[in-house]
Structures are given as structure tokens and as C-alpha cells.
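Spelled out from the first residue to the last, the chains are:
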Number of protein chains: 2
Amino acid sequence: MKRRITTFLLLLVAGTATAQEALWGGSGIVSPEVHEDGSVTFRYASATTEKVSITGDFLPAERRQTPHGEVTGPGMAAFKPDSVEGLWSYTTGPLPSELYNYSLYVNGIKTADPSNVYLVRDIATLTNIFIVGGGRGNLYSVQDVPHGTVSKRWYHSPTLGCDRRVTIYTPAGYEQSEERYPVLYLLHGMGGDEEAWCELGRATQILDNLIAQGKAEPMIVVMANGNADQQGAPGQTHEGLYKPHTRLRRTMEGSFERSFPDIIDFIDKNYRTVAKKEGRAIAGLSMGGFHAMHISRYYPDTFDYVGLFSAAIRPDEKRTAGVEIYADIERTLERQRDNGLALYWIACGTDDFLWDANTQYRALLDSMDFPYTFRQSEGGHTWRNWRVYLSEFVPMLFKK
Amino acid sequence: MKRRITTFLLLLVAGTATAQEALWGGSGIVSPEVHEDGSVTFRYASATTEKVSITGDFLPAERRQTPHGEVTGPGMAAFKPDSVEGLWSYTTGPLPSELYNYSLYVNGIKTADPSNVYLVRDIATLTNIFIVGGGRGNLYSVQDVPHGTVSKRWYHSPTLGCDRRVTIYTPAGYEQSEERYPVLYLLHGMGGDEEAWCELGRATQILDNLIAQGKAEPMIVVMANGNADQQGAPGQTHEGLYKPHTRLRRTMEGSFERSFPDIIDFIDKNYRTVAKKEGRAIAGLSMGGFHAMHISRYYPDTFDYVGLFSAAIRPDEKRTAGVEIYADIERTLERQRDNGLALYWIACGTDDFLWDANTQYRALLDSMDFPYTFRQSEGGHTWRNWRVYLSEFVPMLFKK
């Protein structure tokens, strides 16, 4: 027996037992490299390239001409040939701790950084990301703390007549516990889906870290899909691998809002929840803020905490005329005020194209003596702000 | 009140309430477009581009010279200028139903297709994917059937002294049921991690579809991380957003295998499992096949079903000398044989660089009268084969 075994021994070196596919096109370049002082070096290897540039939200915004008119977007910076033949590089100055997005332009053609596998999808656009730690970036990074579970589940919506996909975060310790947990319903914007808050919003890391630091109560976070036309995110349903787009018919016209009790019912039946008003929060960004505003006032005594992040605060009359859930705004807001709320939190950046709409909505609330907290920030309608808003909102919830 | 509401009404068109970031760099191009006959058109828009090519596993393999010698890889094909100014395109002939991978070369620079957000990561390489339906591709597609839940959880491994991330599939109906379910432990290859079987192997879709068709029993699938040096996949741990690589120290040297009872214990404590031999299967690809082979014989009477997919079947003596779990191969295989197994399934492609190792391992089993089933396939060490093997293996498990 010994000999037989020896004869087939060691035909291979263990290190070669890798997927052949992965061997094609790999490169030894490290890019980006985040240095101790917060500066970052990007590298690109090509002997035949004439020009490499980078665009990203760590560069000052620039106004520029496009075929569609003048737009403001992130700035550009040029790589320089490195001392190593065929290597290009660009190094930033020290950057504040943050999560950043970027893309490369190689000979004028936009591309992802081939040395960076970390990409995020915002609707149909993929960009590379990196994190500069030390401050806020630490909150968006996976830390060596107890981790919650992130599940992609399907629930049945009788109202919409289909199964729908939902992302559910349960905090570390949930499975080992017999306690009941409060629930934050966290909603995405137009063109987003049930992936957005974890992928772009770093919700998993923010919750894990705030809970581990004792700054937030352990809570369940339910990230629903707010597009009534979608059963789930692009590529995750039987509609196949289609190109994501924002041309969705049933958004901000009542369908999702009317079906919201289906989600609450599913969560309360399937999780150990504090199934009453003081155990529920609802928040959303942009369209999700619109949803959170309407849902929270339409279903009375359901949510004790409401967060409107850069909320697309007002309905489009063409779509909402005659829709019950958008009617009687005054009466339902009054009822919401009179029922009492633990927190009604409105956040908006001064550069946000929804600033004026939010200002006017606050004027309405003021005129009604509707109590709310306003958080003014810098910047505009960006995930950078929404991560900040989530990080500030979550510690205010469910305080015992 | 009515007037006040009207004054802030309709400042925005709902359709503009989208993330600003996503608006930069979007394009209206559809690529790839899969036609009814299985042919596929790829498109690329650029007025300044001189050459666009595509490489993908639907093109015949080619041998070519590289700086590292002659290698065989997927072929290349050239786009042609389209009748639309500035648009390039390439259309294949009808392709067999399958999931395919590809990348573009634009003026000689490798890039992802900017119109296709569906990318998969194989170690440090990202490639676009598309599916041609009608046959096998349907099994890899999300269908309108009941869907299981996919959770990313963390379990504690006392043996490795850390928390570790694991992907767990529970079949549709699990949460509503009170029944116990059998468990398939499904292991990745060198350089892979707990993401690989769902991302590259389409395990979620294969299981959902086979179960819905009545071809497979409902089962839990546990996709563990087989790299003892990793707590989880790159980017998912406190080691940050580092570049994935295969230079892992503790693989195929006993650490993961020794810690395997930690996973089984976690699963049996946290899920309604059939916690005995007839309720357990273990399978893996390449390094995962090596793990499945050693784990299944070392822990007696634990698994009734074993699947070795393109298994890296033999240990590297330099790493395994003196390691208890790799010793006494004959005796433990004899015990495994004598205990009896429901299925010992070995699959390998004729072009696989591990073909000879698998042939010799089968000769050993033959010499021992160890019963096994051998599935010879075409092709090599590829995810295309591993998806096929999983699709064939799963229906043989846990038959009542």
C-alpha cells in the first residue's frame, strides 16, 4: 500500500492548484496604496500608454463643458511616468479620513483601476473605492469587532402580488439571544435597490462599529427595495442581467408605500422584534426620504423615529394626484404630531438640489408646530453625506 | 394650510431625484445584447478609439507568446465600426446556453465593458459575465421560483482562535418549516474564499432551480472559507481593502482541516440540521477537493456524500510532513470504506492539469476496492466545469 501511495505523490505543487482563469491578466501592481499620512498613491502599468488621468471625489470639483452643457463634477489629475519603466503613478496630498470613489482615464478612455478589485455600483456606474482610515473612514471599515449577519431574503408581498428581495442586518449576538430587537427600516434613492445601503452606504460596517463602541443600541436593519416594479436588484431577479436604469414606472406613485405593511408584517413574524411604535424607525435618502415621510405619517403610530436624508420631499402631482396615500398631508402630519414621536430628523446639504424643497418643508412643519431636528451639512446629494447622516441618526435611536 | 403646502409643491421632477454620482459617465449603450438565437452583440462607444477587441471563454482558445512563455488562453476577436458614428460592435455566432466571461481591449488596454455592470472576481481578476439561456444557462439564471436565503454570518472557531465569515444558503421554506435539513459543505479552491461558490459558481441559482424542479432535495449549503489565514474574503475583514492574492501561508497544511469540526458544530447548533452522517455531504473544487478528501476520511462517520471536483488531490510533502491529518491515509481510507458511504464522486476534465493526479488517486481507490463514481468531462480547471459538477452532484444527495 505504501508504495502505491508514493507513486502518485506530489505531481503538483500546491501553489499551482489555482483557477486558471485568475492567472490571465493579473498584475503585481499595488494601487491604490494608502500611506500613513493619509496620502494615496495610484499606479498603472503600461509601456504603450500615452496618458493616464484620475477622477475622483477626493479632487476639487470642477466645472466643465460636456455635450449636454456645463456640469460640475469631480476634478481630474494626471499621472506621471514613474522611475520604473512603463509604470505611471499619481500621489495625492494627505486626505481626510473618508471613503472615496475614483476612476481612471487611460489614453482618454474611462476604465476601472485594474489593480483594485473593490468597486461599487451606483445604478449603472461602477467606480473603484478606497478608504483612508484614522477618522470617519474607520467607521466605514470592517473592524475587529463582533459582526452582525447580513441576509438576502425574499418575502411575499400580497399587495404587489409577488415575492420580493430584501437585505436584513441582524446585530452580533442576535442569533444567540432570546431578546427582542428594535428595527430600523432603511430606504434607498431613485435608481437604487436593496443592495444600495450595504454596498454604497457601508451600513453593515457603520452598524457593527457603532454597536461595538456602545454608541448605538443593537438593532435589526431592514433594507427594502423601494421600486414597486422590481422584485429585487438588477441581476438578482428572473429579469436577468439587464442594464440598470432609472426608467422605472412605479416609484413615488404610491405602490411601494401601500405595500409597506407587507414588509413590517414579514419582519415581525420572522424576527424577534419590538413590534410596536417605540421599536420602529424609518429613514431613507432622496426618494427613500420621500417614502419615509409619507409612510411614517400615513400609517399612524407605527414609527417613533423618522429620518429624512436629502429627502425628495414632495410628490410629483402628475403621478400622485388621486392617490390616497398622498392625500390629506396636513391631517396626517397633524395626527403624527399629536401621536408624538421620539425623533423626526431632517438632514440636508447646502449644495443639495433639494435644499429649497427641504427648506420649504421645514417651513410647513414650523407653521404646524411639528417638532423636528434639522441637521445642515456641507456638500450635496451624495453618498458621502448619507453615510454621515446614517452614522449620526443611528445613535439617537431606541435609547433605553 | 392648503396654500402653504402648495407653495413648496413640485420644485422637482421626481425623475431627477437620483444620486448625482451615478449621472457622471453613464452611457446609453446596451452591451452585451443576447439575441434569440443565442448570438450576442457587444457594443462600445468612442469616437476617438482606434481598436476594440474582445477576449472571452466563448472564443476558441489560442496559444500565444507572453513575456512568461507560451500560454493557452481564450481567443480574441476584433470589433468593427458600426453604422452609427463612433460606435463599435462585435456579434458572435449562436452560442450554446452557458454563463460566459469576457473582457475588452480598447486600443490595446484591457478594461471591463463599461455598459455591463455584471462582474465577477476570481482572486484579483474581474471579468464581465453574461448568460445565454435556453439550456444549461437557465440553471445558472435567477428564475421565477421560490428563493432560498443567502446569509453572510460569522462563527467562532476555537481551533483557529478567531471569528470567521461563512456564506450559508438555506432553501426556500426553511424559515417557515420546523423540519430538519441535510447540509452540504461546499469548499472553494486556492485563492478563493467564502464568496466564490455563490459569485463564480452560481450556487444560489443552481440550488434554487434544482430544488424548485424537484431534482434536488431541499438542503442547507455551507460555504466556508478554507484559508486558515483569512477570517473572511478580501475586503470583508479588518485587514481592509487589500489586493487579493494567492500567497496565503496556511492552506493545505492541516489548519483548516483541523478546525472543520468548529464549523459543523456551529451549523448544527444554529440550524435545524440532520446532524448525523446521512445528513451531511462535503464537496470542493481543486484545493477544496483536497480538503473534502482529507476531512471526509479523517473524521470518521461524519459525511455520507463526498464530491471531489478537479481535486488537488495530493498533499505537498514539504507542508504536510508530520501533520496528523495527512498521516495514515491508507488506514483512514479503509475505515471510510468500511464505514460505508452513500456516494464518493470524483469529477475531472480531460484537459485539467490535475487529470494525472486524479487518475492515480482513482488507481489507489481501485486497489483498495473503495467504491466511487467517476465523472469524466471535457475541459480543464475552470468554473464552467465546477458549475456542471455541482449541478450533477446536488441531485444525488440525501435522496429519501
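Sequence order as written defines the numbering, with residues in each chain counted from 1. Chains carry letters from A onward and ligands carry numbers from 1 onward, assigned in written order. Reporting in this predicted model follows two pLDDT cut-offs: at least 70 for local features of residues, and 80 or more for side-chain atom pairs to be given and counted; totals over whole chains, interfaces and linings ignore these cut-offs and use all residues. The side-chain values count all of the structure's non-hydrogen atoms but skip hydrogen atoms and water molecules.

Undergrad: Explanation requested: unusual backbone geometry in the structure shown.
TA: Most peptide bonds are trans, and most residues other than glycine sit at a negative phi. In this model, Ser31 of chain A is joined to Pro32 of chain A through a cis peptide bond whose omega is -5°. Secondary structure counts use DSSP, requiring at least four H or I residues in a row for a helix and at least two E residues in a row for a strand, with both numbered from the N terminus. Summarising the element assignment, Pro32 of chain A is placed in the loop between α2 (20-23) and β1 (33-34). The phi dihedral of Asp301 of chain A is positive, around 55°, even though this residue is not glycine. With respect to the secondary-structure elements, Asp301 of chain A resides in the loop between α7 (287-298) and β18 (305-309). Burial classes follow relative accessibility: with a 1.4 Å probe on protein chains only, a residue under 20% of its type's maximum area counts as buried, one over 50% as exposed, and anything between as partly exposed. Assessed through its relative accessible area of 44%, Asp301 of chain A is described here as partly exposed. Positive phi, normally seen in glycine, also occurs at Phe398 of chain B, with a value near 60°. Following the sequence through the fold, Phe398 of chain B ends up in the segment after α12 (383-393).

Undergrad: Before we go on, may I ask you to explain the pairing of strand β11 (residues 119-122) of chain B in this structure?
TA: The side chains of a regular strand alternate, residue by residue, between the two faces of the sheet. All names here are of chain B. Alternating positions in β11 separate into two faces, Leu119 and Arg121 on one and Val120 and Asp122 on the other, with burial throughout. Here a strand pair is declared whenever DSSP counts at least two bridges between the two strands. With four bridges connecting them, β11 and strand β12 (residues 125-132) associate as antiparallel partners. Within the sheet, the bridge partner assigned to Arg121 lies in β12 and is Leu126.

Undergrad: Quick question: what am I supposed to make of the pairing of strand β15 (residues 183-187) of chain A here?
TA: Residue and element names in this part refer to chain A. Burial analysis of β15 places five of its five residues in the buried class, the great majority of the element. Residues Val183, Tyr185 and Leu187 point to one face of β15 and Leu184 and Leu186 to the other, with burial holding for every one of them. Both β15 and strand β17 (residues 280-285) contribute to a ladder of five bridges, which runs parallel. Looking across to β17, one finds that Val183 is bridged to Arg280.

Undergrad: Any chance you could explain the confidence of the model for chain A here in plain terms?
TA: Detailed reading of the predicted model is not advised wherever pLDDT is low. All names here are of chain A. Looking at chain A, pLDDT values average 91 and 93% of them are 70 or higher. Note that pLDDT drops below 50 for residues 1-26; the model gives that stretch 66 contacts with residues more than four away or on any other chain. For this predicted complex, the interface confidence score (ipTM) comes to 0.91, while the overall pTM stands at 0.92. Residue-level confidence of the predictor, termed pLDDT, takes values from 0 up to 100. Here a residue-residue contact requires only that any non-hydrogen atoms of the pair lie within 4.5 Å.

Undergrad: How should I be thinking about helix α11 (residues 355-367) of chain B in this particular structure?
TA: Side chains three or four residues apart in an α-helix point the same way, a direct result of the helix having 3.6 residues per turn. Between its first and last C-alpha, α11 of chain B extends 18 Å over 13 residues, near the 18 Å set by a 1.5 Å rise per residue. One or two residues past the end of α11 of chain B sits Asp369 of chain B, with phi positive at roughly 55°. How far a helix is expected to stretch is found by multiplying one less than its residue total by 1.5 Å.

Undergrad: Is there a simple way to explain the environment of Thr159 of chain B in this structure?
TA: Residue and element names in this part refer to chain B. In this fold, Thr159 is placed in the loop between β13 (149-157) and β14 (162-170). Put simply, Thr159 and Ser259 are 100 residues apart on the chain and 5.3 Å apart in space, counted from C-alpha to C-alpha. If we skip the residues at most four places from it in the chain, Thr159 touches Arg258, Ser259 and Asp262.

Undergrad: What's the story with the packing of aromatic side chains in this structure? I'm lost.
TA: Residue and element names in this part refer to chain A. A pair of aromatic rings is counted whenever rings of Phe, Tyr or Trp (Trp by its six-membered ring) have centres within 6.5 Å, and the orientation is called stacked for planes under 30 degrees apart, edge-to-face for over 60 and tilted otherwise. Overall, the coordinates contain 56 aromatic pairs over all chains when judged by the stated rule. An aromatic cluster of at least three residues, connected via ring pairs, comprises Trp197, Phe309, Trp345, Trp383, Trp386, Tyr389 and Phe393. We call a charge positioned above a ring when the Lys NZ or Arg CZ atom is no farther than 6 Å from the ring centre and deviates by at most 35 degrees from the ring normal. Arg362 extends its terminal NZ or CZ atom over the ring of Phe374, reaching a point 3.6 Å from the ring centre.

Undergrad: Would you mind going over the side chain of Asp304 of chain B with me for this structure?
TA: Residues and elements named next belong to chain B. For Asp304, the location among the structural elements is in the loop between α8 (287-298) and β18 (305-309). Under the relative-accessibility criterion, Asp304 is labelled buried at 13%. Other than its neighbours up to four places away in sequence, Asp304 contacts Lys277, Glu278, Arg280, Gly340, Leu341, Ala342 and Leu343.

Undergrad: Even after reading the chapter, I still don't get the sheet that holds strand β8 (residues 87-91) of chain B, so can you show me in this structure?
TA: Adjacent strands of a sheet form backbone hydrogen bonds with each other and so pair up, either parallel or antiparallel. Residues and elements named next belong to chain B. The four strands are arranged β1-β2-β8-β7 in an open sheet whose pairing can be described as antiparallel. Of all strands in the sheet, those bounded by a partner on one side alone are β1 (33-34) and β7 (80-81). In the sheet, β1 pairs with strand β2 (residues 40-45) via two bridges, with the strands oriented antiparallel. When the sheet's bridge partners are listed, Val34 is paired in β2 with Val40.

Undergrad: How do you make sense of the sheet that holds strand β7 (residues 80-81) of chain A when you look at a structure like this?
TA: Residues and elements named next belong to chain A. Spatially, four strands are ordered β1-β2-β8-β7 in an open sheet, and the strand pairing comes out antiparallel. Edge positions in the sheet fall to β1 and β7, since each has one partner strand and no second. Sheet topology note: the strand β2 (residues 40-45)/strand β8 (residues 87-91) ladder contains five bridges and is antiparallel. The partner of Ala45 across the bridge, within β8, is Leu87.

Undergrad: Explain helix α10 (residues 329-339) of chain B to me, please; I cannot follow it from the model alone.
TA: Within α10 of chain B the residues assigned to the buried category are Ile329, Glu330, Thr332, Leu333 and Gln336 of chain B. Following α10 of chain B by one or two positions, Gly340 of chain B adopts a phi angle in the positive range, close to 90°.

Undergrad: Please explain the environment of Asp122 of chain A as it appears in this structure.
TA: Its location among the elements puts Asp122 of chain A in strand β11 (residues 119-122). Remark: the alpha-carbon pair of Asp122 of chain A and Pro244 of chain A, spanning 122 residues in sequence, is separated by 9.2 Å.

Undergrad: What exactly am I supposed to notice about the packing of α7 of chain A against helix α9 (residues 329-339) of chain A here?
TA: Axis angle and axis distance: for two packed helices, these are the angle between their axes and the distance between the axes, and together they describe the pair. Residues and elements named next belong to chain A. Close contact between α7 and α9 brings their axes to 8 Å; oriented N to C, the two are set at 70°. The angle between α7 and α9 places the two elements in the roughly perpendicular class. On α9, the residues that touch His294, Ser296, Arg297 and Tyr298 of α7 are Ile329, Thr332, Leu333, Arg335 and Gln336. Three classes are used: nonpolar for Ala, Val, Leu, Ile, Met, Phe, Trp, Tyr, Cys and Pro, charged for Asp, Glu, Lys and Arg, and polar for all others, with Gly counted as polar. Of the residues in the contact of α7 with α9, the class split is three nonpolar, four polar and two charged. Simply put, an axis is a line fit to the C-alpha atoms, just over the touching stretch for a helix, and the angle between two N-to-C directions goes from 0 to 180 degrees. Here the angle decides the label: under 35 degrees means roughly parallel, over 145 means roughly antiparallel, 65 to 115 means roughly perpendicular, and every other value means oblique.

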